[in-house]
Structures are given as C-alpha cells and as structure tokens.
Amino acid sequence: MNTKRIIWVLSAMCAAAVCAEPFNGIGTGMGNLFRLSDAKTRSVSPENFTGEKGKAAMAGEEGSAWHAARDLGQGWKVSPFVRIKAKDTFTLADIDGPGCIQQIWLTPAPMDKTRGMILRFYWDGEAEPSIETPLGDFFACGWARYCQINSLAVCVNPGSAFNCYWQMPFRQKARVTVENLHDNEITIYYQINYALTPVPDDAAYLHAQFRRENPLANAGAYTLLDGVTGKGHYVGTYMAWGVNSPGWWGEGEIKFYMDGDKDFPTIAGTGTEDYFCGSYNFHHNGRYTYFSTPYAGLVQVIPDDQYEKPGQRFGLYRWHITDPVRFDTDLKVTMQALGWQDGGRYLPLKDDISSVAFWYQAEPHNPFPNLPPRDQLELK
C-alpha cells in the first residue's frame with residue numbers, strides 16, 4: 001500500500017471514529033447539522049419561565065398581555081414580556097444543567113435606556129457574575145441607539161431585536177438576571193434557547209466584562225481587560241468610542257499581555273482600525289464608512305455627516321472566532337488612544353471609551369472591578 005493510500009485510510013478511520021461518538025448537540029453548524037443527538041431542546045421566556053417540557057403558553061389572567069388576550073383566553077399570547085420595576089433585579093432564567101445556552105433573543109424598552117439595564121450571567125451557583133455588562137453593550141449596541149449588526153456572534157435587527165449566538169456551556173446551573181438602575185420601570189421581551197446535554201470536560205465558560213473611562217485617566221492608555229488568571233482564550237471586543245478632539249483618533253495599538261508578560265506584550269496590533277479589520281481611518285469618499293461582517297464591523301458613526309470632528313461617537317466590534325487569543329495563566333488587554341499633532345507626531349487622547357471584553361476560561365474567575373455608578377454609565 002503506497003503512502004497516499006495509507007494516509008487516506010487513516011484519515012477515513014479517524015473521521016469514522018469521530019462520527020461514532022454520540023453527538024451532544026453543542027457546537028452545531030452546517031457541517032454537523034445532520035447528526036442526531038440525545039440533547040433536549042428547551043426555552044425560557046415569559047411564556048415559560050422554567051423552560052419545563054409541556055409548560056409553555058399556560059398563563060392566564062396574571063399574564064402581562066392578558067388585557068389583549070382576554071377575549072381569546074389561555075394560549076393566545078397571554079404573557080410575551082415582563083416589566084421590571086425601578087431599582088429592581090429580575091431573573092430572566094434559572095436553569096439546572098448540564099447544558100448550553102445556544103441563542104438569546106431580547107428586545108428592551110425604552111431602547112435609549114439600555115445603559116441602565118445591567119445584564120449578568122452566573123455559572124454553576126457562583127456568587128460573582130461571569131458576565132456583567134450594560135444590556136446594549138453586550139449586544140454590540142452601546143450608544144443606546146439602534147444599529148443593524150450582521151455578525152456570527154451577535155445580530156441586531158429591526159426594530160430593536162438583540163440576538164446573541166455565543167455558545168455558553170454550564171455544568172450545574174445557569175442564572176441570568178437584568179437589573180434596572182432607572183427610576184421608572186422597563187419592559188423586556190426575551191427568549192433564551194438552550195440544550196440540556198452533557199458538557200465536555202474541556203468546555204470553558206463564557207465571560208464578558210464592561211469598562212468605561214470618561215475621559216481617560218491616563219492620556220492615550222485604555223485597559224480593556226486585566227486581572228484574568230487561569231487558562232482560556234480571548235474571543236471578542238466591543239468598543240463604544242467617543243472622540244473629544246478633532247482629527248483622526250485611531251492610531252493606537254491593541255496589546256495582549258499573556259502568561260507572565262510585563263513591560264512588553266506578546267501581541268501588538270498596527271492601529272485601531274486595523275484591529276477592527278478596516279484600514280486608513282475607515283475612510284471612503286471623504287467620510288467614515290459603515291460595515292458589518294461576520295467577524296468585525298464599524299456599525300455606528302454618530303453623527304455620520306461629519307468627519308474627524310470632536311464629539312463624534314463610534315461603535316466597533318471584533319470577534320476572534322477563527323483566531324482566539326489563547327492564554328495559559330493570565331491575560332491583560334489594552335488599547336492605545338492616539339491621534340496626531342503638529343510635526344507628524346502622535347497625540348495621546350483623553351477620549352470617552354467604553355468596552356466589553358469577551359473570553360472563555362476555566363472557573364473560578366477573579367472578581368470584576370465594580371461597575372461605574374449609574375450617572376457615570378449614562379450617555380449624555
């Protein structure tokens with residue numbers, strides 16, 4: 001048997017061995033959608049707060065939309081949303097595992113108050129959240145205005161539909177809450193779709209952390225993430241960038257310090273727009289140009305009829321889906337804020353920068369820094 005034939009036979013044997021293993025229903029895609037699984041599909045929503053089998057659409061007069069359904073009765077869109085009182089926290093889902101959250105659809109009202117709606121995820125009964133971020137920023141829509149996003153991890157669709165496709169495995173329990181920081185109640189429509197199924201030993205937990213500095217405490221220096229210890233991989237960045245100076249603002253480099261790096265990182269980028277998979281100031285025909293792709297995008301320019309003017313705001317995302325940044329013991333991520341001054345010299349900026357860093361890691365994780373108070377979260 002020649003070498004090519006041996007390689008072909010070995011490859012076929014490996015493929016057959018993989019397919020022979022029972023499929024747990026996690027990580028579905030076009031390449032494995034044909035495979036059967038013993039995973040159990042469940043969904044939590046205001047029509048079924050527990051996700052139990054055969055327990056959906058049972059609401060009666062206590063349902064949030066009973067007034068609209070009163071002539072039709074039970075089963076006719078009686079409870080499609082929840083109202084969260086001022087200064088209150090509502091549990092969207094409390095799921096017993098093992099399993100994996102596979103998709104979230106959510107629409108908040110009012111849309112312009114999403115900076116004061118705090119989304120938190122807790123895995124396996126932990127006291128501190130692994131995800132803590134304003135609701136809109138988690139869905140890459142941080143300026144509390146609608147923008148259409150067409151990416152693999154997040155889609156934002158008309159009129160204010162937030163969709164998340166990050167895979168979120170858990171072993172014992174998943175709890176998801178929304179805190180309303182406002183003085184008035186808010187309304188949330190939502191559906192959390194998940195699979196109940198065994199989770200692989202090497203499955204890590206999704207984490208997401210929000211930060212904001214307005215303005216930057218140290219000119220030109222912004223920290224996206226710090227204090228992460230353990231083994232994992234960095235998978236995404238969302239930034240809401242408010243410019244306080246005239247001129248181009250994105251000359252800065254992203255830097256990944258990992259596994260003991262001190263003064264110098266292992267990975268450094270070549271410019272802010274380069275990191276977000278654009279180039280040359282996102283400039284085309286004399287203006288900033290929107291784009292939204294599976295892995296990266298410039299999805300907000302507010303206002304969009306100006307170019308390099310103080311006061312403009314930008315929304316950008318970069319998902320490391322095919323190129324996760326892996327670390328074994330620790331991770332720190334920073335972004336420079338650089339413009340230009342006379343003489344072709346860099347100008348460190350003191351801009352208004354918010355971000356959400358996304359990563360997977362083995363638990364336990366270190367506690368997050370405290371979120372800014374409501375007045376420092378709000379967009380003015």
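About the thresholds
Residues numbered from 1 in each chain as written. Predicted model: local features only at pLDDT ≥ 70, side-chain atom pairs only at ≥ 80, totals over all residues. Heavy atoms only, no water. Helix = DSSP H or I, 4+ residues; strand = E, 2+ residues; numbered from the N terminus. Rg over C-alpha atoms; globule rule 2.2 N^0.38 Å. Buried < 20%, exposed > 50% of the residue type's maximum accessible area, 1.4 Å probe, protein only. Contact = heavy atoms within 4.5 Å. Areas by Shrake-Rupley, 256 points an atom, 1.4 Å probe, with all protein chains shown as cover. 1 Å grid on protein atoms, 1.4 Å probe; cavity = no way out; pocket = protein on both sides within 12 Å on 5 of 7 lines; lining within 4 Å. Points joined across faces, edges and corners; volume = space filled by probe spheres on them. Nonpolar A, V, L, I, M, F, W, Y, C, P; charged D, E, K, R; others polar. Phe/Tyr/Trp six-rings, centres within 6.5 Å; stacked < 30°, edge-to-face > 60°. Lys NZ or Arg CZ within 6 Å of the ring centre and 35° of its normal. Salt bridge = Lys/Arg side-chain N within 4 Å of Asp/Glu carboxyl O. Pairing = 2+ DSSP bridges.

Asks: I tried to follow the overall build of the chain on my own but got confused; where do I start?
Replies: Scanning the chain from N- to C-terminus turns up 5 helices and 27 strands. Expected size for 380 residues packed as a compact globule is a radius of gyration near 21 Å; at 23 Å, the chain falls within 12% of this value. Projecting the C-alpha coordinates of the chain onto the three principal axes gives extents of approximately 75 × 70 × 40 Å. Split into buried and exposed, the 380 residues of the chain put 48% on the buried side. Pairs at least 24 residues apart make up 73% of the contacts formed inside the chain by residues separated by at least 6 positions. Carbon and sulfur atoms form 53% of the exposed surface of the chain, whose accessible area is close to 18400 Å².

Asks: For this particular structure, what's the right way to read empty space enclosed by the protein?
Replies: In this approach a probe as big as a water molecule rolls over the atoms, and the regions it shows empty are the leftover space. Applying the stated criterion to the full structure yields 1 cavity of 30 Å³ or more. Reported here for the largest cavity is a volume of approximately 50 Å³. Put simply, the parts of the chain that give the lining of the largest cavity at least two residues each are β4 (99-109), β5 (117-123) and β12 (186-196). Considering every element that reaches the lining of the largest cavity, the biggest residue donor is β4, with 3 residues. Class assignment of the residues belonging to the lining of the largest cavity gives a composition of 11 nonpolar, no polar and no charged.

Asks: Would you explain unusual backbone geometry in this entry?
Replies: Glycine aside, the phi torsion of most residues is negative, and most peptide linkages are trans. Cis peptide bonds are those with omega within 30 degrees of zero, and the linkage from G97 to P98 qualifies with 5°. With respect to the helices, strands and loops of the structure, P98 is situated in the loop between β3 (89-96) and β4. Cis geometry is adopted by the peptide bond preceding P215, which originates at N214 and carries an omega value of -10°. Locating P215 in the fold gives a position in the loop between β13 (205-213) and β14 (221-229). Despite not being glycine, A57 has its phi angle at roughly 60°, a positive value. Considering the arrangement of structural elements, one finds A57 in the loop between β1 (40-44) and α2 (66-69). Even without glycine at this site, A140 takes up a positive phi of about 60°.

Asks: What is the right way to look at the packing of aromatic side chains in this model?
Replies: Two aromatic rings are characterised by how far apart their centres lie and by the angle between their planes. Going through the model one piece at a time under the given rule, you end up with 24 aromatic pairs. Taking 5.8 Å as the distance between ring centres and 45° as the angle between the ring planes, the aromatic pair formed by F121 and W123 counts as tilted. One aromatic cluster is present, formed by F121, W123, F138, F139, F162, W166, F170, Y317, W319 and F358 through successive ring pairs. Geometry around Y122 places R175 over its ring, the cationic atom sitting 4.2 Å from the centre. Its end group placed over the ring of Y257, K332 keeps NZ or CZ at 5.8 Å from the ring centre.

Asks: Sorry, what's going on with the pattern of salt bridges here?
Replies: Two side chains of opposite charge can pair, provided their charged atoms sit close to one another. Tallied over the entire structure, the rule returns 14 salt bridges. Note that R212 and D352 form a salt bridge whose closest N and O atoms lie 2.7 Å from each other. Placement of the pair is R212 in strand β13 and D352 in strand β27 (residues 352-361), with a sequence separation of 140 residues. We note that R212, like D352, is buried. Among the ionic pairs, K255 bridges to E253, the shortest N-O distance being 3.0 Å. Residue classification places E253 among the partly exposed positions, given a relative accessible area of 26%. The network of salt bridges with common partners includes K87, D183, R374, D375 and E378.

Asks: Would you mind going over the layout of surface pockets with me for this structure?
Replies: Counted as a void, the largest pocket has a volume near 750 Å³. What lines the largest pocket is a set of 24 residues, among which G27, Y165, W166, Q167 and Y360 lie closest to the centre. Looking at the second largest pocket, its volume works out to about 190 Å³. As for the second largest pocket, its lining consists of 14 residues, and the residues nearest its centre are P46, F49, A59, E62 and S79. A per-class count over the lining of the second largest pocket returns 6 nonpolar, 5 polar and 3 charged.

Asks: How do you make sense of the pairing of β27 when you look at a structure like this?
Replies: For a regular strand, side chains alternate in direction, first toward one face of the sheet and then toward the other. Taking burial as the measure, the 10 residues of β27 include 10 buried ones, the bulk of the element. For β13 and β27, the ladder comprises 9 bridges, and the chain directions are antiparallel. Across the sheet, residue H207 finds its bridge partner in β27, namely W359. Alignment of strand β15 (residues 232-242) against β27, held across 10 bridges, turns out to be antiparallel.

Asks: Please explain the environment of P265 as it appears in this structure.
Replies: Tracing the sequence through the fold places P265 in the loop between β16 (254-258) and β17 (267-268). Sequence spacing of P265 and I254 is 11 residues, and the spatial spacing of their C-alpha atoms is 9.7 Å. In contact with P265, other than residues within four places in its own chain, are K255, F256 and Y257.

Read these as geometric descriptors, not functional statements.
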